[in-house]
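So you can see what is in the structure, the chains are spelled out below.
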Amino acid sequence: MLRIVPADPDHLEEWRAIHNAIIPTAPLGTDDVKERATRNRLTLGYDGDVLVGNATVRPPDEEGTAVVIVRILPEHRRRGHGSSYLTHELAEAESQRPAHIGTVVLASNEDGLAFALARGFAEVDRYLLPGDTVPFVDLRLGEAQRPRRN
């Protein structure tokens, strides 16, 4: 069973290491992660005592879109961790009552794109960060796949 915990200040380096392993084209420094932690919900996912992934939940932007990004290390994929983690983080995002829920996947992350598409996300945009050669893919979750609000 996946255990999800906040990435407190003592564990931001673990969060950063997973981010940089999954998104090598846009590595974050320590200060970048500390800043992100002030505006986003950052968590770590454990299978027992083994760190298997991390996640980010961005609050709704000016268009009302909350963003949920789940990253599972390749050696821990296809064991249900991503599905469990995503379900948990989608509920967290829904608690902020967004108009839409999106995610972002590096285009070269074929596993991540297939995972998002299989769970009802649809591509809405591709873009390059300055100096990059691999685009990011913005996806949006269909209404039928969103958790029910109470």
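Provided above is the structure to which this section pertains.
Residues numbered from 1 in each chain as written. Predicted model: local features only at pLDDT ≥ 70, side-chain atom pairs only at ≥ 80, totals over all residues. Heavy atoms only, no water.

Asker: Got a minute to help me understand the nonpolar core in this structure?
Answerer: Side chains that are nonpolar tend, in soluble globular proteins, to be buried together. Membership of the largest hydrophobic core comes to 34 residues, with the highest contact counts inside it found for W15, V68, L90, F121 and L139. If you list the elements that add at least two residues to this core, you get α1 (12-22), β2 (41-47), β4 (65-72), α3 (81-94), β5 (100-106), α4 (110-118) and β7 (136-141). Beyond its immediate stretch of four places on either side in the chain, L139 contacts I101, G102, T103, V105, L113, A116, L117, F121, A122, E123 and V124. Core analysis: the second largest hydrophobic core is formed by 5 residues, L2, V52, A55 and Y85 among them. (Core = buried A, V, L, I, M, F, W, Y, C linked by side-chain atoms within 4.5 Å. Buried < 20%, exposed > 50% of the residue type's maximum accessible area, 1.4 Å probe, protein only. Helix = DSSP H or I, 4+ residues; strand = E, 2+ residues; numbered from the N terminus. Contact = heavy atoms within 4.5 Å.)

Asker: It is not clear to me how the sheet that holds β2 should be interpreted in this structure. Could you clarify?
Answerer: Backbone-to-backbone hydrogen bonds join strands into a sheet, with any given pair of strands oriented parallel or antiparallel. Reading across the sheet, the 7 strands line up as β1-β2-β3-β4-β5-β7-β6 and stay open at both edges, with mixed pairing between neighbours. Two strands in the sheet have a free side with no partner beyond their single neighbour: β1 (2-6) and β6 (121-127). Ignoring which end each strand starts from, the neighbouring axes of this sheet average 25° apart. When β4 meets β5, the two strands line up parallel, connected through 3 bridges. Bridge pairing in β5 places A66 opposite I101. Contacting β1, β2, β3 (50-58), β4, β5, β6 and β7, α3 crosses the sheet at an angle of about 160° to β4. (Pairing = 2+ DSSP bridges. Axes fitted to C-alpha atoms, helices over the stretch in contact; angles between N-to-C directions.)

Asker: Honestly, the pattern of salt bridges in this entry has me stumped. Any pointers?
Answerer: Two side chains that carry opposite charge are able to pair once their charged atoms sit near each other. Summed over all chains, the structure comprises 7 salt bridges. Between R41 and E89 there is a salt bridge, with the nearest N and O atoms lying 2.5 Å from each other. Of the two residues, R41 sits in strand β2 while E89 sits in helix α3, which places them 48 residues apart along the sequence. Assessed through its relative accessible area of 26%, R41 is described here as partly exposed. Three or more residues joined by partner-sharing salt bridges are found here, namely R41, E89 and E92. (Salt bridge = Lys/Arg side-chain N within 4 Å of Asp/Glu carboxyl O.)

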